[in-house]
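Take a look at the letters that make up each chain.
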Amino acid sequence: MKKCPQCGREYDLTMSFCLDDGSELLYGPASMDEPQTAILSQSGAMSRGNAPSESSTRMFTTAGADTDGGLRSIAVLPFRNIGGDAENEYFSDGLTEELIADLSKVRALRVISRGSSMRLKGSDKDTRTIARELNVRYILDGSVRKAGDNIRIAAQLIDGLTDENLWADKYSGTLVDVFEIQETVSRAIVDAMRVTLSADDERRMEERPIADPRAYDLYLRARAKFMQGNAAALDRSIELLKQGLAIIGDNELLYAALGYTYYFCFKWISKLDQSYLRHARECMEKLFELNPGSTHGFTLKGLLSYSGGDIVESVVSLKKAVEIDPNNSEAMLWLTIYSEYFEGSRSEATRFAEQIHRLDPLHPSSTLVRTFVYIYSGDLGEDPIRWVERGLAMDPTSPLAIWLAVIAKAWCGKPDEVAAHADRLAEIAPGWVYTEHALFLKHALRDEKESALSHYSPDFEVESEHDPHFALHVAHCFALIGDKDRALDFLEVSVKKGMLNHSFIGKWDPLLENLRNEERFARLIDEAKRRMDAARPMLQQPL
């Protein structure tokens, strides 16, 4: 059995966190005086990689400290739309998201993010199972009935350990009353969990990010479109957000949503349209005008800095976003990914990976990111393969998850599996630049130069200018088919744009083996070292 170091309660071996206080569970006696190891969900396999530094047995583990600081933990399940009108699904989903946002303002709570909560929509799992999978003590469940402007909300707070109903209530009103109802529900939950609010907590909970119910409704509709992720839906999201701004004028949350939408249009829809970046920057600047301490502003700045080639500024900004809001899972995810590009970042990247897993345990990205913590620290054995398989199993139709599986398995020496994933990607996302890269890589690993080059596109150069990770992968392709000059061209872009993990690219990356005797390669590694040394003072600022 596992035991909590704080309360001493024993738990099922499958659990990682105490349902009472959020502490990481320990094997053996729950004494803080004895050396223990708390294992974070299924890690601990021995490393078979070639990195000479930290042992893989310490990856995603910590000594028996209360790493959640005694936070109480809660998940808000997707509120059910019971009005019979599917068109109102956006409202029940939006209410779920807003309650998560409200509770996240309380520093004494660890709140599961929207990504994991929404994956339980329609689930028939019982409360105890959900609590165990999410490693939380409390579950908020509820329903919404919306008819025109009239709304009726029912909610209940459940103890995930005992299945006891701790609190329940119903509220009726109109859209005008929705903000008061949200705040009332959030405060009732906090009271039922016996959490004492600080003055800052009180102030944050009293804030109403969008005070006008018409603009708020437009915001919820826009968020629903944003989550669909396709070009038409993102364009519609932009229209709805602009309508909201036309109603109430400058607003931090509307500008944040608009900035994110523009940025993800650029990142995933078309990097050829630079206007997306320009509009996203304008939104970021507006956010800082409205609130110099905006967590959304710093998140957006981190994303824009990355695409602009300033990886150091990106990580510094994302750290600031998480410092302002420790429950900012968006910033934490990107912080985990980008920190891997730096030399000697394994322990910090591991810490960030653990934090994003606490906030968003059911989202595939929170699992897939662990794959690359291993790989960028030189472990190219079975450990990263296990993590990528788990992440892919969580969303087997996600083009991005499949592409990441292609990359991981190429690095770990599994060309047949690379081919299978690349072919699958071609079926579900034909013509996508990442699909073409996967097919290029598939043929390059087979030394099929002509077939490989048939998948090369000038879009690779545009993509690489805004993503050092992608530039590195294009360098792999050309290195594998023996075109060293073009491989070094893309590797130069990768280093210039922020790939400063010189030990990985210089010694451990097997796909660059053809380049290691080249004088230009040695110069690029020296450049990466120089840039890394210059960046270190800024990166060492604590989170």
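Shown above is the structure to which this text applies.
A.B. asks: Would you mind going over the overall build of the protein with me for this structure?
C.D. replies: Helix and strand counts for the protein come out as 24 helices and 11 strands. Counting over 543 residues, the protein shows a buried share of 58%. Intrachain contacts of the protein at a sequence separation of at least 6 include 63% that bridge at least 24 residues.

A.B. asks: Teacher, can you tell me more about unusual backbone geometry here?
C.D. replies: The phi angle of most residues is negative, glycine excepted, and most peptide bonds adopt the trans form. Within the chain, arginine 194 stands out as a residue other than glycine whose phi angle is a positive 60°. Mapped onto the elements, arginine 194 comes out in the loop between α4 (178-192) and α5 (199-206). Judged by its relative accessible area of 63%, arginine 194 falls in the exposed class. Phi at aspartate 447 is positive, roughly 60°, even though this residue is not glycine. Among the secondary structure elements, aspartate 447 is positioned in the loop between α18 (433-445) and α19 (449-453).

A.B. asks: I tried to follow the pairing of strand β11 (residues 165-174) on my own but got confused; where do I start?
C.D. replies: Along any regular strand the residues' side chains alternate between the sheet's two faces. Note that strand β10 (residues 150-159) and β11 share nine bridges and pair antiparallel. Paired with isoleucine 151 across the two strands is glycine 173, which belongs to β11. The hairpin formed by β10 and β11 contains five residues between the paired strands, and aspartate 163 there has a positive phi angle of roughly 65°.

A.B. asks: Which parts of the structure should I look at to understand the packing of helix α9 (residues 275-290) against helix α10 (residues 295-307)?
C.D. replies: When two helices pack together, their arrangement is given by the angle between the helix axes and by the axis-to-axis distance. With their axes 9 Å apart at the nearest point, α9 and α10 run at an angle of 150° to one another. One element, α9, and the other, α10, form an angle in the roughly antiparallel class. The way α9 lies across α10 gives a crossing that is left-handed. Residues Leu277, Ala280, Arg281, Cys283, Met284, Leu287 and Phe288 of α9 touch α10, and the partners they reach there are His296, Gly297, Phe298, Leu300, Lys301 and Leu304.

Each value, and the rule that gives it
Residues numbered from 1 in each chain as written. Predicted model: local features only at pLDDT ≥ 70, side-chain atom pairs only at ≥ 80, totals over all residues. Heavy atoms only, no water. Helix = DSSP H or I, 4+ residues; strand = E, 2+ residues; numbered from the N terminus. Buried < 20%, exposed > 50% of the residue type's maximum accessible area, 1.4 Å probe, protein only. Contact = heavy atoms within 4.5 Å. Pairing = 2+ DSSP bridges. Axes fitted to C-alpha atoms, helices over the stretch in contact; angles between N-to-C directions. Parallel < 35°, antiparallel > 145°, perpendicular 65-115°, else oblique. Left-handed = near helix turned anticlockwise from the far one by under 90°.

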